[in-house]
Amino acid sequence: GTGMTLMALVRLAKLTGEEKYAKAAERGLRSVGELFERAPTGVGQSLLALDLWLGPTQEMVVAAPDAASRDEVLHLLRRQFRPHQVVAAVPGSGE
């Protein structure tokens, strides 16, 4: 729950540059901060969100002439765990 929400907020902040997402992510990360030290195995997804928040990120936009081509590129990008990559996909023609 919380970790996935934090990850979504961090990704939205990185992709959009919107201050409201950044502030919400920071508040959320601070709220679980004590757990990072006391029970890190219980907040794994939140730790990934913190890592994404603090680390350098690579923002990518996938744009293709059609949905099939776009989905093929997305499939290739998602084959490996890339914790510092944020990907946005543009709808293909006809979507």
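Read on for a plain summary of the structure. Keep in mind it's a predicted model, so treat the numbers as computed, not measured.

1. Let's talk about the side chain of Gln85
Within the secondary structure, Gln85 is located in strand 2 (residues 85-89). One polar contact links Gln85 to Gln58, side chain to side chain, over a distance of 3.4 Å. Excluding its chain neighbours within four sequence positions, the residues that come into contact with Gln85 are Arg11, Gln58, Met60 and Leu77.

2. A word on the environment of Phe36
Along the chain, the position of Phe36 falls in helix 3 (residues 33-38). For Phe36, a relative accessible area of 14% puts it in the buried group. In contact with Phe36, other than residues within four places in its own chain, are Leu29, Val43, Ser46, Leu47 and Leu50.

3. Side note on the pattern of salt bridges
Overall, the coordinates contain three salt bridges when judged by the stated rule. Between Glu26 and Arg30 there is a salt bridge, with the nearest N and O atoms lying 3.0 Å from each other. A residue pair is termed a helical-turn pair when its members lie 3 or 4 positions apart in one helix, as Glu26 and Arg30 do in helix 2 (residues 19-31) at four residues. Close ionic contact of Arg70 with Asp71 constitutes a salt bridge, the shortest N to O distance being 2.8 Å. Classification of Arg70 by relative accessible area gives buried; the value is 9%. Its relative accessible area of 39% is what places Asp71 among the partly exposed residues.

Scoring rules and cut-offs
- Counting restarts for each chain: residues are numbered from 1 in the order of the written sequence.
- Side-chain atom pairs in this predicted model are given and counted only at pLDDT of 80 or more, local residue features only at pLDDT of at least 70, and totals for whole chains, interfaces and linings cover all residues.
- The side-chain values count all of the structure's non-hydrogen atoms but skip hydrogen atoms and water molecules.
- The numbering of helices and of strands both runs from the N terminus, where a helix is a DSSP run of H or I of at least 4 residues and a strand a run of E of at least 2.
- Under the rule applied, a polar contact is a pair of N or O atoms within 3.5 Å (in protein, one hydrogen donor and one hydrogen acceptor; residues adjacent in sequence only if both atoms are side-chain atoms).
- Whether two residues are in contact is decided by their heavy atoms: any pair within 4.5 Å suffices.
- Whether a residue is buried, partly exposed or exposed follows from its accessible area with a 1.4 Å probe, protein chains only, as a fraction of its type maximum: under 20%, in between, or over 50%, in that order.
- The term salt bridge refers to a pairing of a side-chain nitrogen on Lys or Arg with a carboxyl oxygen on Asp or Glu at a separation within 4 Å.

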